[in-house]
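# A structural walkthrough
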Amino acid sequence: FNDKEVDELVFLDISANQHGNGPNFELIKDIASEAFMPFAYGGGVTSVEHIEALFKIGVEKVVINTAYVDNLDFIRKASSLAGSQSIVASIDVKRTFLGAYKVYSQNGTKLLSKSPLELAKELENAGVGEIILTSIDEEGKRKGVDLKLIELISKELSIPLVASGGVGELSHIKAAADVGASAVAVGSFFV
């Protein structure tokens, strides 16, 4: 990815909180020593001390998911410490059988009571600088992004929205941008 001059990398340890683990600082430090582009890290981040340590080893943005579920004040503290441009919230969404969108945390295992839009607005008001919106249903399938979900959330926010889940061809990236995504996260398609 250095050779390809990628704009930014995002590393997410999606099982860290589920297993009660904090960030793997040694691994992240190794990544920081090799990555010649900005990178963000998320997974197991539960304290301001974690955030401070991540910045010290070279992380430019910290992605928070499970830790904000019961404590939006954590987002406020993190944004005060680092500035909102460095704090990213991740929202993971699944569709129900009837097509309604539901938010999940802890690697898609814990259903939250808030709608994706309600949560996105709360996170923006709490001070996050951007949101990564992941469609769990589309993740890894490479058959297209959830355009309806992206548009629903992006049109109500004034902060950047990064769409994640489902990119399988370049036209999917353009389609996400056309309905309001500020950026698109791509994994398996590029790998």
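An account of the accompanying structure is given in this report.

Criteria and thresholds
- Residues numbered from 1 in each chain as written.
- Predicted model: local features only at pLDDT ≥ 70, side-chain atom pairs only at ≥ 80, totals over all residues.
- Heavy atoms only, no water.
- Phe/Tyr/Trp six-rings, centres within 6.5 Å; stacked < 30°, edge-to-face > 60°.
- Lys NZ or Arg CZ within 6 Å of the ring centre and 35° of its normal.
- Buried < 20%, exposed > 50% of the residue type's maximum accessible area, 1.4 Å probe, protein only.
- Helix = DSSP H or I, 4+ residues; strand = E, 2+ residues; numbered from the N terminus.
- Pairing = 2+ DSSP bridges.
- Axes fitted to C-alpha atoms, helices over the stretch in contact; angles between N-to-C directions.
- Left-handed = near helix turned anticlockwise from the far one by under 90°.
- Contact = heavy atoms within 4.5 Å.
- Nonpolar A, V, L, I, M, F, W, Y, C, P; charged D, E, K, R; others polar.

### Describing the packing of aromatic side chains
In the structure shown here, the tally under the stated rule is two aromatic pairs. Seen in terms of ring centroids, phenylalanine 189 and phenylalanine 190 are 5.4 Å apart; in terms of plane orientation they differ by 35°. Their pairing is tilted. Cation over ring: lysine 94 sits above tyrosine 104, and NZ or CZ is 4.5 Å from the ring centre.

### Side note on the pairing of strand E5 (residues 101-105)
Burial of E5 is extensive: four of the five residues sit out of reach of the surface. Two elements, strand E4 (residues 87-95) and E5, share four bridges in a ladder whose sense is antiparallel. Looking at the pairing, aspartate 92 lines up with tyrosine 104 of E5. In this structure, the hairpin formed by E4 and E5 is closed by a connection of five residues, where glycine 99 is found at a positive phi of approximately 95°. Pairing analysis gives two bridges linking E5 to strand E6 (residues 110-111), with the strands arranged antiparallel. Along E6, the bridge assignment pairs tyrosine 104 with leucine 111.

### Overview of the packing of helix H2 (residues 48-56) against helix H3 (residues 72-82)
Relative to each other, H2 and H3 sit at 35°, their axes nearing to 10 Å. For the element pair H2 and H3, the recorded crossing hand is right-handed. Along the contact surface, H2 presents Val48, Ile51, Glu52 and Phe55, while H3 presents Phe74, Lys77, Ala78, Leu81 and Ala82. Taken together, the residues that form the contact of H2 with H3 break down as seven nonpolar, no polar and two charged.

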